[in-house]
Amino acid sequence: AFLKIYRETKAKLTPNDRIYFIDSTHPQYNTQPSYGWILKGKANDKLVKTNSGRNRLNLNGALNFNDKTAVVLEEKTINKEATIRLLETIAKRQRKGKVYLILDNASYHHAWVVRRWRLHHSRFKLLFIPSYSPNLNLIERLWRFFHQKITWNRYFETFEEFKSTTLEFFKNLNLYEKELSTLLTDNFQRLPA
């Protein structure tokens, strides 16, 4: 049912209309071993430096499907106020046309303050994906791509280095334009019921 609504929405877009996929991620300041080939008996040659602590970033993001750019805001916490800041940022960037926001059912997306904000911004339309359907939210692919490029199998000496590298990645998505053009398509994987 969601895919039908999505396709109908996409078919009626005017040149100024945009679709944004919204979600948050919380990368941790810890080395994240991902994968690697190790010859039998050689595991001791593959030590991975790590740090300790529970520091993490809280990133709230919106992926512009049309041009594959992203708005990513660092937040103290992801809540209704962070959602409003993200929507305000999109509104400043997207001054013309309708804005279709595809987002999950997090409670802060349904908060009264968000609904009230939307009442004063009628060109913003909210389309909620079904529960437990991250496969329908394209920004999830961007988060995974970010982890592949930045956090997996990589050690950061300081939290500030981790933070600046992360934020620079999102400021410079154009460096990955070719890879993202094939990754961020709306060929959604349909999961069995």
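Residues numbered from 1 in each chain as written. Predicted model: local features only at pLDDT ≥ 70, side-chain atom pairs only at ≥ 80, totals over all residues. Heavy atoms only, no water.

Peer 1: Tell me about the sheet that holds strand β1 (residues 18-25), and name the residues and values.
Peer 2: Strand pairing in a sheet relies on backbone hydrogen bonds, with the paired strands running either antiparallel or parallel. Ordered by their spatial adjacency, five strands build an open sheet running β3-β2-β1-β4-β5, and the pairing between neighbours is mixed. For this open sheet the edge positions go to β3 (69-75) and β5 (124-128), each flanked by a neighbour on one side alone. On average, adjacent strands in this sheet sit at an angle of 25° to one another, irrespective of strand direction. Across five bridges, the pairing between strand β4 (residues 99-103) and β5 is parallel. From the neighbouring strand, Y100 faces β5, where its bridge partner is K125. Relative to β5, helix α1 (residues 2-11) is tilted by about 155°, and along the sheet it contacts β1, β4 and β5. (Pairing = 2+ DSSP bridges. Helix = DSSP H or I, 4+ residues; strand = E, 2+ residues; numbered from the N terminus. Axes fitted to C-alpha atoms, helices over the stretch in contact; angles between N-to-C directions. Contact = heavy atoms within 4.5 Å.)

Peer 1: How would you sum up the nonpolar core? Please name residues and give values.
Peer 2: Of all hydrophobic cores here, the largest spans 34 residues; its most connected members are F2, Y6, F21, I102, L142, F169 and F170. Of all the secondary-structure elements, those providing two or more residues to this core are α1, β1, β2 (58-64), β3, β4, α4 (139-151) and α5 (159-171). When residues in this core are grouped by element, the largest group, six residues, is from α4. When residues no more than four places from it in sequence are discounted, the contact partners of F21 are Y6, G61, A62, L63, F65, I102, L136, N137, L138, I139 and F188. (Core = buried A, V, L, I, M, F, W, Y, C linked by side-chain atoms within 4.5 Å. Buried < 20%, exposed > 50% of the residue type's maximum accessible area, 1.4 Å probe, protein only.)

Peer 1: Summarise the side chain of D17; cite the residues concerned and give the values.
Peer 2: Within the secondary structure, D17 sits in the loop between α1 and β1. Within the local environment of D17, its side chain forms a polar contact with the backbone nitrogen of T14, the two atoms lying 2.8 Å apart. For D17, the contacting residues outside a window of four places in its chain are K12, N66, G97, K98 and Y100. (Polar contact = N/O pair within 3.5 Å; in protein donor to acceptor, adjacent residues only side chain to side chain.)

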